[in-house]
Amino acid sequence: MPYGSVHLPWTAPTASGPIRAVIRLPGSKSMTARALVLAALSLGASTLRAPLRARDIELMAGGLRAMGTHVSTVDDNLWLLRSRPLRGPARIDVETAGTVMRFLPAVAGLADGEVTFDGDPRVRSRPMAPLIGALCALGVRIDATGGTLPMTVRGIGRVRGGTVTIDASASSQLVSGLLLAATEFDRGVVVRHVGPPVPKPHIALTVHMLRAAGAGVDDSRPDVWAVEPGRLTGRAWDIEPDLSGAVPFLAAAMVTGGAVTIEGWPPATGQPAGHLLGVLRRMGGEPALTPRGLVMRGSGGVHGLTADLSGVTEATPVLAALAAVADAPSHLYGVGLGPDRIAALVTGLTALGADVTGDADGLRIRPRPLRGATFRTHDDHRLAHAAAVIGLTVGDVRLDDVACTAKTLPGFPRLWSTMVQGGNGGTGGTD
Ligand SMILES: O=C(O)C1=C[C@@H](OP(=O)(O)O)[C@@H](O)[C@H](O)C1
Ligand SMILES: C=C(OP(=O)(O)O)C(=O)O
C-alpha cells in the first residue's frame, strides 16, 4: 500500500515534568541511502551494518533491486548487497522520497534498458528539471515532458560524463545525484553550480562517503565537485545513528528543561551535526558529548533565534516549534523547505495559536500562548515532529496523521510516548 494512503490520528503526549531519557535511534537516512547506491555500483559484495529500515529506504532498495542489484535485508542489522549488471526495463515509484527521485536517475542511465520513474503528486512538484538537464548534457537520454516525474530514462549501459553546469540552489540532492554514480561514467564528472547558494552539508556527506568508497573526489574549488572515473569495490558500511532524526528528541529536553541522551552519537561524523548543535545551543540547549552519547540538557528556557538555516534545512520544522515557545521572536531564513512545506508549517503552527508568517525563504515567529487544536501534517514527517514537540507543553495537540513519520522512523509514536512517560526508547537504560 503506498505510503500516505494510511492515516493515523494521534494526540501528542504532554510531559508532566522534565524529560529524562536515553534514546537509541536507527541509522541515518542520508547515510543508508548513499551506502545503498554506492554498494550497487561497487564490484562484488557490500554490507550495511545498522541501516535505517524506513519507507524512503525501502523505496531506494526497491529501486536498485528493480534494476538488477541483489539487496538482502533479511537481517535487520546487516544488509547484504551484491552488484549485478544494471538493466531495464524497470518501473520505480519514488512515492514522496526526494533522495530516491534525485539519486537513482543517474544510476538508471548506467542501466541497459528503459527505467521509468513516477511518484506522488507532491514529489512531482519538487525541483527536478536541473538534474534532468544535467544528465542529458552528460549523455543520458531522458523523456520527461514536464521537466519532472513521470519520466523515462533510456539507459544504454554507459554514460559519457564530463563537465556540466547546474543551478542546484533548489536542492543539494541535485548535486549529490550527479556525484554518486559518477565513478561509473566514462569520463567521470565535473559539476559546477551556478546560481544562488546551494546548501553544502549533504553534498559534503556525499563527498565523504564517495571517498570512503575509494573514489577520487576534488572539492577544493567553491561550488565545483569533480569525481574521477574508476571502479569502486564493495566494502562494509557502518551506518551512524540518524542525527537529523534526533532533532525532536533533543528539542524535547529543551522545552521541558530535562536531559535526553542520544546513544551512539558519533564523535566525528560526515552528517551535518556541528551546525545543528550550534543552532540548538543558541536556542538555549546545552549539548555535551559523553562516552555514552550526546546529552542535551534544557537550561529551563528556549531562546528566540535569528539564523540562516541553510545548513540544517531538515531541522526547520522542529526549530520553528521551539521558536513558537521561545522567550523572544525568531527569524529563521534560508530554510530551503519550498513554498508548500513553509505554507503547511505556517498553517499548522497558526492553528495552535502561534503568531507566524512565512515568505519564500523563511519564517518569522513571535511567541505567544499556544492552545490545543488539530495540526495537519500534510504527509510530512518533520511537521509531525514539530507538532509533537509543541504537544509536550501544550495539551490536546491532535495530529491528523502520525503515520507519515514512517518515512524515516517507523517507530516514532511509540518511541516518543515511551520517552515522555519517563521510559527510555530503543535500548533502555536511564540517564
Ligand atoms: O542528500 C540528502 O540525504 C538530503 C539532503 C537535503 O535535501 P535538500 O538539500 O533538498 O534540503 C535534506 O533536506 C534531505 O532530507 C536529505
Ligand atoms: C524531505 C525529506 O526527504 P527527501 O528530500 O528525501 O524527500 C526529509 O527527510 O525531510
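Just above, that's the structure.
How each quantity is defined
Residues numbered from 1 in each chain as written. Chains lettered and ligands numbered in written order. Predicted model: local features only at pLDDT ≥ 70, side-chain atom pairs only at ≥ 80, totals over all residues. Near = placed C-beta within 6 Å. Helix = DSSP H or I, 4+ residues; strand = E, 2+ residues; numbered from the N terminus. Nonpolar A, V, L, I, M, F, W, Y, C, P; charged D, E, K, R; others polar. Domains from an automatic or database assignment. Buried ≥ 20, exposed ≤ 12 C-beta atoms within 10 Å, placed from the backbone. Expected span 1.5 Å × (residues − 1).

Colleague: Help me understand the site of ligand 1 in this model?
Modeller: In the vicinity of ligand 1, the contacting residues are S30, A33, T99, S171, S172, Q173, S176, P199, H202, T313, E314 and G336. Of all the secondary structure elements, the ones that give two or more residues to the shell around ligand 1 are α1 (29-40) and α6 (173-179). Looking at side-chain class alone, the shell around ligand 1 contains two nonpolar, nine polar and one charged residues. The two domains that each donate at least three residues to the shell around ligand 1 are domain 1 (10-26 + 242-420) and domain 2 (29-229).

Colleague: Can you walk me through unusual backbone geometry in this structure?
Modeller: Working note: non-glycine residues mostly have negative phi, and peptide bonds are mostly trans. Cis geometry marks the peptide bond from G88 to P89; its omega dihedral reads 0 degrees. Inspection of the secondary structure assignment puts P89 in the loop between β6 (78-82) and β7 (90-93). For the peptide bond that leads from L149 to P150, omega is 0 degrees, which places it in the cis range. Among the structural elements, P150 can be located in the loop between β9 (142-143) and β10 (151-156). Of note in this structure, E95 is not a glycine but carries a positive phi near 50 degrees. With respect to the helices, strands and loops of the structure, E95 is situated in the loop between β7 and α3 (98-109). Note on E95: 21 C-beta atoms within 10 Å, which makes it buried.

Colleague: Help me understand the site of ligand 2 in this model?
Modeller: Taken together, the neighbourhood of ligand 2 is formed by D56, T96, A97, G98, T99, E314, R382 and T408. Split by residue class, the shell around ligand 2 holds one nonpolar, four polar and three charged. Domain assignment of the residues forming the shell around ligand 2 places at least three in each of domain 1 (10-26 + 242-420) and domain 2 (29-229).

Colleague: Explanation requested: α1 in the structure shown.
Modeller: Helix length check: α1, at 12 residues, gives a terminal C-alpha distance of 17 Å against a target of 16 Å (1.5 Å per residue), a fit within 8%. The buried count for α1 comes to 12 of 12 residues, which makes it a mostly enclosed element. Buried residues of α1: K29, S30, M31, T32, A33, R34, A35, L36, V37, L38, A39 and A40, and no others.

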